[in-house]
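Single-letter residue listing:
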Amino acid sequence: MDLLFVCLGNICRSPAAEAIMKKKLVELGPRFAGITVDSAGIGPWHEGQLPDSRMRRHGARRGYRIDSIARQIRRDDFTRFDIIFGMDADNMKALSRLARTGEERARLMCAADFMTRHPGYATVPDPYYGGPDGFELALDLIEDACDGIIAMLESRQSPPENR
Ligand code: 4NP
């Protein structure tokens, strides 16, 4: 199972989601050892860069090492990854425009749809142009979404008699 997180620039939300999901999966142990996690951006602007220093700093305070190098989403991502998670409605719109077949479109999911502890939020808002609170909120929402995604993966993996 290969998971891809996508946001606009691949320097704030999706590299955070990648780091958070990787850490959670490692902590859950060998059951999830076969799951790979990556991230990408809709746009090319930050390709080759480390994540935004503000997101790196806020994440580090929670024990996450957010250090993947930004890249733009590529055509072969749509066949290589089993699930592609966008972070907000704009990401979802862009992703569905890029998908070429129904099968590719069926791999698209909104990460925010998996949140259970933030009923007031239907999206992970872009923190790039805001202050520190926006980065904390994005991390809160992404942690919530990752827990929900893990619950979904667990229900997919468990044998029928355990469902
Ligand atoms: P991200 O945040 O999509 O969470 O990585 C952004 C980063 C950069 C830009 C926009 C959003 N930008 O316009 O450069």
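Above: the structure in question.
In short, a report on the structure. (Residues numbered from 1 in each chain as written. Predicted model: local features only at pLDDT ≥ 70, side-chain atom pairs only at ≥ 80, totals over all residues. Heavy atoms only, no water.)

1. Brief notes about the site of the ligand
Lining the immediate environment of the ligand, one finds Cys7, Leu8, Gly9, Asn10, Ile11, Cys12, Arg13, His46, Asp126, Tyr128 and Tyr129. Between leucine 8 and the ligand, the recorded distance is 2.9 Å, taken from a backbone N or O atom to an oxygen atom. Within the backbone of isoleucine 11, an N or O atom sits 3.0 Å from an oxygen atom of the ligand. Contact with the protein chains hides 92% of the accessible area of the ligand, taken as 350 Å² for the molecule alone. A class-by-class count of the residues in the shell around the ligand yields six nonpolar, three polar and two charged. (Near = heavy atom within 4 Å. Polar contact = N/O pair within 3.5 Å; in protein donor to acceptor, adjacent residues only side chain to side chain. Areas by Shrake-Rupley, 256 points an atom, 1.4 Å probe, with all protein chains shown as cover. Nonpolar A, V, L, I, M, F, W, Y, C, P; charged D, E, K, R; others polar.)

2. Brief notes about the side chain of aspartate 144
Following the sequence through the fold, aspartate 144 ends up in helix H6 (residues 132-157). Among buried charged residues, aspartate 144 stands out as having no salt bridge; its nearest opposite-charge side chain is arginine 117, 4.1 Å away. Those residues within four positions of aspartate 144 in sequence are excluded, and the remaining contacts are Phe114, Met115, Thr116, Arg117 and His118. (Helix = DSSP H or I, 4+ residues; strand = E, 2+ residues; numbered from the N terminus. Buried < 20%, exposed > 50% of the residue type's maximum accessible area, 1.4 Å probe, protein only. Lys, Arg positive; Asp, Glu negative; His and termini not counted. Salt bridge = Lys/Arg side-chain N within 4 Å of Asp/Glu carboxyl O. Contact = heavy atoms within 4.5 Å.)

3. Observations concerning the environment of isoleucine 149
Its place among the elements puts isoleucine 149 in helix H6. The exposure class of isoleucine 149 is buried, given its relative accessible area of 0%. For the pair isoleucine 149 and phenylalanine 114, spaced 35 residues apart in the sequence, the C-alpha separation amounts to 5.9 Å. For isoleucine 149, the contacting residues outside a window of four places in its chain are Phe5, Met21, Phe85 and Phe114.

4. A closer look at the packing of aromatic side chains
Per the counting criterion, the structure on display carries three aromatic pairs. Aromatic pair phenylalanine 85 and phenylalanine 114: ring centres 5.8 Å apart, planes at 85°, arrangement edge-to-face. Remark: phenylalanine 114 occurs in the loop between strand S4 (108-110) and H6 and phenylalanine 85 occurs in strand S3 (residues 83-86); sequence separation between them is 29 residues. For phenylalanine 85, a relative accessible area of 0% puts it in the buried group. Phenylalanine 114 sits in the buried class, given a relative accessible area of 17%. Relative to tyrosine 129, the ring of tyrosine 128 has its centre 4.8 Å away and its plane inclined at 85°; by these criteria the two rings are edge-to-face. Residue classification places tyrosine 128 among the partly exposed residues on the basis of a relative accessible area of 28%. (Phe/Tyr/Trp six-rings, centres within 6.5 Å; stacked < 30°, edge-to-face > 60°.)

Function cannot be read off these values alone, since they describe shape.
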